[in-house]
Amino acid sequence: MENLAEELSAPVPGTSIAIIGAGWAGLACAVDCVRRGLQPTLFEAAPQPGGRARTVRMDGLPLDNGQHILIGAYSETLALMRTVGADPDTLFDRLPLALEFDDGFALRARGSSRLALALAFIGARGLGWRDRLAALRLMGAIRRPPPADESVAALLARTSQTESCIRHLWAPLCVAALNTGIDDASARVFARVLADSLMGGPGAADLLLPRADLGTLLPEPALFWLRARGVAVHCGTRVRSVRETADGFELDCGEQLHSAERVVFATSPHQLPALLDGLPALDPISRAVHALEYEAISTVYVACDAQTRLPSAMTGFVDGEPHWVFDRGALGGPPGLLACVVSAARGSREEVESRVLAALKRQFLALPEPLWVRTISERRATFRCTPGRAAIELPTDPRIALAGDYLIPDYPATLEAAVRSGFAAARRLSR
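Residues numbered from 1 in each chain as written. Predicted model: local features only at pLDDT ≥ 70, side-chain atom pairs only at ≥ 80, totals over all residues. Heavy atoms only, no water.

### Focus: the state of the cysteines
Alright, step 1. Following the criterion strictly, the structure yields zero disulfides and no others.
Alright, step 2. Cys 253 supplies the cysteine sulfur nearest to Cys 235, a cysteine that is in no disulfide, at a spacing of 13 Å.
Alright, step 3. A relative accessible area of 25% places Cys 235 in the partly exposed class.
Alright, step 4. For the unlinked cysteine Cys 385, the closest cysteine sulfur is that of Cys 174, found at 8.1 Å. (Disulfide = S-S within 2.5 Å. Buried < 20%, exposed > 50% of the residue type's maximum accessible area, 1.4 Å probe, protein only.)

Okay, here's the thing in structure tokens:
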């Protein structure tokens, strides 16, 4: 994967590119197209950019549709942010790996080197020597990619992981990274995530906790950057269909038609089959995408009085619901606002909120009664990251590209996967 800072190959000058979808993949593609000398036009059905990682307003308060965190290994995402003028050094609290759970377990690295991570595992509160040896055994095993059809649960059994390791390390990390439980999650993808972070270079496992809303991290700076360079961005414009013409492609946007020589489909995968309906040659791709299954993520926002502070900015709950609680006030947000993340969420909004509030009251005895509670749920937040997931084939037509987090083999649905896929789409269309 080439870096944005690398010298780019000679582009096809002035080629017009229609990019459908202004999520992180579409934005990455548009920025890289500009850098390559292409002429992108961006279409987004929603009134604001960001896709499944965006900021929405509820009762006048900006809230994210999911509490995302980044890790140091997300090199392409961080490079893109810097390109569009969003400084990661000021927008994130960058911390060496630290995991703290409601039952007292704690793992804290005192630096970003591999030695610091190894010492963190050795000194973790709540792990015995048998647990530590099991953890090292797993890290050694994933140096060789697991079989494509193996689940995370099978990998943990094969490497004789202890109950404590599973409960405090592998199960929560699997849900956090793949949004899929260990019984159903792909061992190969999980091993890739662990290798990139825990076994990556210095700083790869660092946690980057946002001090600003998702719109400020990338979508809004990217739109400003694109418009400053003459790129037309059509938010609130739904592309209804795409058909091939003698000169390229025509996009039906209702009252208007737009033409382009090349096209990028950067929508959420569940929206793709309807858009591809007018391009029969892409039927196999449409069927493959239609077969994807999804997991939900709910974020329950709990507002307490402004004096409310949690012991840590990020706390894990070993029994889930919530899986993680973030003190937004400690991260530069409104004081007293808690963001409670429920991965692979099940049940109604009322049921999820009830379970989250009960868990908060059990853990934080002094927590006052909430002033209000709001829940944002993404029903198709991520694809189900299961063993043997078939790779989505790219179009044979070199004028067409796809972009989205579901396209990177052996990688889960993350912001980094979305950005990488956007760069790949721009690179494909510049040839």
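### As for the packing of helix H1 (residues 24–35) against helix H10 (residues 219–228)
Alright, step 1. As a packed pair, H1 and H10 sit with axes 10 Å apart at the nearest point and diverge in direction by 30°. Relative to H10, the element H1 lies roughly parallel. Both H1 and H10 take part in a crossing whose hand is left-handed. Across the interface between the two elements, Trp 24, Leu 27, Ala 30, Val 31, Val 34 and Arg 35 from H1 touch Pro 219, Ala 222, Leu 223, Trp 225 and Leu 226 from H10.
Alright, step 2. Broken down by class, the residue content of the contact of H1 with H10 amounts to ten nonpolar, no polar and one charged. (Axes fitted to C-alpha atoms, helices over the stretch in contact; angles between N-to-C directions. Helix = DSSP H or I, 4+ residues; strand = E, 2+ residues; numbered from the N terminus. Parallel < 35°, antiparallel > 145°, perpendicular 65-115°, else oblique. Left-handed = near helix turned anticlockwise from the far one by under 90°. Contact = heavy atoms within 4.5 Å. Nonpolar A, V, L, I, M, F, W, Y, C, P; charged D, E, K, R; others polar.)

### Observations regarding the pairing of strand E15 (residues 294–303)
Alright, step 1. For E15, the tally of buried residues reaches nine of ten residues, placing the bulk of the element in the interior.
Alright, step 2. Across nine bridges, E15 lies against strand E19 (residues 372–383) in antiparallel orientation. Within E19, the position partnered with Tyr 301 by the bridge is Arg 374.
Alright, step 3. Sheet analysis places E15 next to strand E18 (residues 337–343), joined by seven bridges and oriented antiparallel. Its bridge partner lying in E18, Ile 297 is registered against Ser 343. (Pairing = 2+ DSSP bridges.)

### Things to note about the sheet that holds strand E6 (residues 92–95)
Alright, step 1. If you walk across this open sheet you meet the three strands as E5-E9-E6, and the pairing is antiparallel. Two strands bound the open sheet, and with one partner strand each, they are strand E5 (70–71) and E6.
Alright, step 2. Where E5 lies against strand E9 (residues 207–210), two bridges are found, and the strand directions are antiparallel. Each residue of the ladder has a partner; that of Ile 71, found in E9, is Leu 207.
Alright, step 3. Across the sheet, helix H2 (residues 75–83) is in contact with E5, E6 and E9; its angle to E6 comes to roughly 145°.

### As for the sheet that holds E19
Alright, step 1. Read across the open sheet, the five strands follow the order E16-E17-E18-E15-E19; overall the sheet is antiparallel. Because the sheet does not close on itself, it has two edges, and the strands there are strand E16 (314–316) and E19. Neighbour-to-neighbour, the strand axes of the sheet open up by a mean angle of 20°, direction not taken into account.
Alright, step 2. Of the strand pairs in this sheet, strand E17 (residues 324–327) and E18 are connected by four bridges, and their pairing is antiparallel.

### A closer look at the packing of H1 against H2
Alright, step 1. As a packed pair, H1 and H2 sit with axes 11 Å apart at the nearest point and diverge in direction by 60°. As the angle between them shows, H1 and H2 are arranged oblique. In terms of crossing hand, the pair formed by H1 and H2 is left-handed. Seen from H1, the contacting residues are Trp 24, Ala 28, Val 31 and Arg 35; seen from H2, they are Thr 77, Leu 80 and Thr 83.

### Points about the environment of Arg 427
Alright, step 1. For Arg 427, the location among the structural elements is in helix H14 (residues 415–429).
Alright, step 2. Considered as a pair, Arg 427 and Arg 262 are 165 residues apart in the sequence and their alpha carbons are 13 Å apart.

### A look at the nonpolar core
Alright, step 1. Among the nonpolar cores identified, the biggest contains 130 residues, and Leu 169, Trp 170, Val 264 and Phe 265 are the most heavily contacted of them.
Alright, step 2. Not counting the four nearest positions on each side in its chain, Val 264 is found in contact with Ile 17, Ala 18, Ile 19, Ile 20, Cys 29, Ala 401, Ala 403, Ala 425 and Leu 429.
Alright, step 3. Of all hydrophobic cores here, the second largest spans 17 residues; its members include Ala 296, Cys 304, Val 356 and Ala 359. (Core = buried A, V, L, I, M, F, W, Y, C linked by side-chain atoms within 4.5 Å.)

### Concerning the confidence of the model for the chain
Alright, step 1. Mean pLDDT over the chain stands at 92; residues scoring 70 or higher make up 97%.
Alright, step 2. With pLDDT under 50 throughout, residues 1–11 is counted as low confidence; its partners more than four residues away or in other chains account for 25 contacts. (pLDDT = per-residue confidence, 0-100.)

### Some remarks on the layout of surface pockets
Alright, step 1. Put simply, the second largest pocket is a space of about 450 Å³.
Alright, step 2. Along the walls of the second largest pocket sit 23 residues, with Ala 391, Ile 392, Leu 407, Ile 408 and Pro 409 positioned nearest its centre.
Alright, step 3. Sort the elements by how many residues they give to the lining of the second largest pocket and H14 lands first, with five residues. (1 Å grid on protein atoms, 1.4 Å probe; cavity = no way out; pocket = protein on both sides within 12 Å on 5 of 7 lines; lining within 4 Å. Points joined across faces, edges and corners; volume = space filled by probe spheres on them.)

### Here's the deal with helix H5 (residues 129–141)
Alright, step 1. Along its 13 residues, H5 runs 18 Å from first to last C-alpha, staying within 8% of the 18 Å computed at 1.5 Å per residue.
Alright, step 2. Within the sequence span of H5, burial applies to Asp 131, Arg 132, Ala 134, Ala 135, Leu 138 and Met 139. Seen end-on, H5 carries its buried residues on one side only, within an arc spanning 160°. Turned more than 90 degrees away from the buried face of H5, the exposed residues are Trp 129, Arg 130, Leu 133 and Leu 136. (Expected span 1.5 Å × (residues − 1). Arc of directions from axis to C-beta.)

### Let's talk about the pattern of salt bridges
Alright, step 1. Counted under the stated rule, the structure contains 22 salt bridges.
Alright, step 2. Measuring nitrogen to oxygen at the nearest pair gives 2.6 Å for the salt bridge that ties Arg 399 to Glu 244. With a gap of 155 residues between them, Arg 399 in the loop between E19 and strand E20 (400–402) and Glu 244 in strand E11 (residues 241–244) connect regions that are remote in the sequence.
Alright, step 3. Among the charged side chains, a salt-bridge network with shared partners connects Asp 184, Glu 293, Glu 295, Arg 346 and Arg 384. (Salt bridge = Lys/Arg side-chain N within 4 Å of Asp/Glu carboxyl O.)

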